[in-house]
Structures are given as structure tokens and as C-alpha cells.
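# Structural characterization, general
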Amino acid sequence: SDEPHPISDEPYPISDEPHPISDEVAELGEGARWSDRGELLWVDIMAGVLRRAVEDGAGLRTVDLVEIGEPLGAVAPVHPDSGGGLLLAAGRGLRHLAPDGTITALLDTEPPDVRMNDAACDPGGRFWTGSMAYDQRDGGGRVLRCDPDGTVREVIAPATIANGLGWSPDGRTLYYADSGLGVLSAYAFDPATGALGPGEVLIRPENGVPDGLTVDDEGALWVALNGAGEVRRYAPDGRTLTVVRLPVSQPTS
């Protein structure tokens, strides 16, 4: 069912305190997501590195590392019927990493002083990616949508540090974080066409800024608060439900 489960006001049960599962380091680690093969994909943005890792008894272990050759914001899987591999938000636009390791530049969408940042697919398979200026200037970035036919459209502009993206379980709300502005907004969303309706600021944390986010099957948002050392679980109306304090100051994803 697309209907979310009722969200309880009781604190979300956390089984234990957060703890490191890997001693690997990155200049700017981001974009963590599980693949359908049970692997964790994550990127080192400024180093332009994609890691595939598996979790075993000793923690998280990298089994493959791909050097993209330019900053890499995030990745998403491509359906096997369309060639498989991964779609990359990298450099100034979109790239494709084939299953054999071949990297193809598909499209440059941004000027030379702007790079791609976080990205995610909506329930209809459209690839949404944000951008930001290297100097992080106000309004230097934007959010783009790449449809399955390859058409790319600007959907949110301007942006400063276009970041986390997620959708409600019914597919009718887009959640989007602009870390430069320090806000997370909610937009009406048409799942059939990918069109956005009106948006409003939903969350403006007192400490830290919203970075990466995900939406659980109850419709609640889990948001990394960069600079605050926390991940928070929010209700769709913006209420804080759970605070997970981390042993790091700048969680991203």
C-alpha cells in the first residue's frame, strides 16, 4: 500500500548508540545508499571517488573503488533494460558508469564554476540532482530533473547548496534541503508527471543545517544536521520526533 503507517509521537527505538563501522576516511563522504545487491554505495565528492562496500562481521569493507576524475555528488542505478550501470551526478552534469567500468559524459548542464551535489530518483524513476557553486555563493546552484527519456529540466532555482531529496510514501510530496539557506522545504508533487506545485519551508533547525535526508515507510523524515552532530526524525508537519546524537560534527547523509 502507498498509505503511510500512523506516525507515533513516542520516541523511535534506537537499538544502541551510533558507532563507527569503518575506519575509512573521505574528504567529503556523501550519498550513502544500499544497492539491490546488498552493497553500500557512497562517494567522496571532491576526490571524485565511488566506493562499493559490504558489511560483514568486522564492519564495512570496500570491495571496489572507482575514480571518476571529477567531483562526484551522488549515484543512482540504471535499469538493466536501459543498459544498467549507474547514473552519476558528477562534474558539471550527468555521466554514466557502465557495468564494465566505462564512463560516458552525457551532458554538461552547469557553468565551469558550479558542480553537481546530492541526487536521488523519484518513485517514477526520474533522476533529480542539485548543484552549487564552488564558492558556495548565494543562488549559485539549482535543482534539475532528468526524465527517463533523457530530457533535463530546471525545476527549482535559484539554490545555494542544493542537497537532500526525498518523497512521501504516497509520492505526492517532495522534501528538499538547501544547506546554504539552512532550510528544508516541502513541495506538492505530481507523481504522474514529476511536476512541482507550491512549496513552503517546513524545517529551519536552530543548530546545524539540513543536509542529506530520507523518508521512512511511516512518512517521517530522517535528516542529517550538518554542524550539529545529529540526525533528527521529523513528522511531515515539521515536529521533531527523535534526536540521534552522533560522535561526529558534520553528518552529511
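Here's what I pulled together on the structure shown here.

### Things to note about the packing of aromatic side chains
- What the rule picks out here adds up to three aromatic pairs.
- An angle of 70° between the planes, with centres 5.7 Å apart, marks the rings of Trp128 and Trp167 as edge-to-face. Here the residue Trp128 occupies a position in strand 10 (residues 127-133), and Trp167 occupies one in strand 13 (residues 162-167), the gap between them amounting to 39 residues.
- When its relative accessible area of 0% is taken as the criterion, Trp128 is described as buried.
- Between Trp167 and Phe189 the ring centres are 6.0 Å apart and the planes differ by 65°, which places this aromatic pair in the edge-to-face class. Taken together, the residues Trp167 in strand 13 and Phe189 in strand 15 (residues 183-189) connect sequence positions 22 residues apart. The burial state of Trp167 is the same as that of Phe189; both residues are buried.
- Taken together through their ring pairs, the aromatic side chains of Trp128, Trp167 and Phe189 make up a single cluster.

### As for unusual backbone geometry
- The omega angle of the peptide bond from Ala157 to Pro158 is -5°, so this bond is cis rather than trans.
- The residue Pro158 is located in strand 12 (residues 152-159) in this model.
- Despite not being glycine, Gln136 shows a phi value in the positive range, around 60°.
- Inspection of the secondary structure assignment puts Gln136 in the loop between strand 10 and strand 11 (141-146).

### Some thoughts on the pairing of strand 9 (residues 114-121)
- Most of strand 9 sits out of view: seven of its eight residues are buried.
- Note: strand 9 against strand 10, six bridges, orientation antiparallel. Each residue of the ladder has a partner; that of Ala120, found in strand 10, is Trp128.

### A word on the side chain of Ser168
- With respect to the helices and strands, Ser168 occurs in the loop between strand 13 and strand 14 (173-178).
- In terms of polar contacts, Ser168 uses its side chain to reach the side chain of Asp170, at 2.6 Å.
- When near neighbours in sequence (up to four residues on either side) are disregarded, Ser168 contacts Thr173, Tyr175 and Val215.

### With respect to the sheet that holds strand 11
- Spatial strand order, 9-10-11-12: four strands in an open sheet with antiparallel pairing. With partners counted over all chains shown, the strands left at the sheet margins are strand 9 and strand 12, one partner each. Sheet twist, expressed as the mean angle between neighbouring strand axes with direction ignored, is 20°.
- Where strand 10 and strand 11 come together, four bridges link them in antiparallel fashion. Note on strand 11: the bridge partner recorded for Gly130 is Val143.

### Description of the environment of Arg51
- One can find Arg51 in strand 3 (residues 49-56).
- Residues Arg51 and Trp167 lie 116 residues apart in sequence; the distance between their C-alpha atoms is 25 Å.
- The residues contacting Arg51, other than those within four sequence positions of it, are Glu24, Val25, Ala26, Leu40, Leu41, Trp42, Asp44, Thr62, Asp64 and Leu65.
- Here Glu24 takes part through its side chain, which lies 3.4 Å from a polar atom of the side chain of Arg51.

### As for the sheet that holds strand 13
- The strand order across the open sheet formed by four strands is 13-14-15-16, and the pairing between neighbours is antiparallel. Either end of the sheet is taken by a strand with one partner, and the two such strands are strand 13 and strand 16 (196-203). This sheet shows a mean twist of 25° between the axes of neighbouring strands, independent of strand direction.
- As judged from the four bridges shared by strand 13 and strand 14, these two strands associate in the antiparallel manner. Among the inter-strand pairings, Ala162 is bridged to a residue of strand 14, identified as Asp178.

Definitions and cut-offs
- Residues numbered from 1 in each chain as written.
- Predicted model: local features only at pLDDT ≥ 70, side-chain atom pairs only at ≥ 80, totals over all residues.
- Heavy atoms only, no water.
- Phe/Tyr/Trp six-rings, centres within 6.5 Å; stacked < 30°, edge-to-face > 60°.
- Helix = DSSP H or I, 4+ residues; strand = E, 2+ residues; numbered from the N terminus.
- Buried < 20%, exposed > 50% of the residue type's maximum accessible area, 1.4 Å probe, protein only.
- Pairing = 2+ DSSP bridges.
- Polar contact = N/O pair within 3.5 Å; in protein donor to acceptor, adjacent residues only side chain to side chain.
- Contact = heavy atoms within 4.5 Å.
- Axes fitted to C-alpha atoms, helices over the stretch in contact; angles between N-to-C directions.

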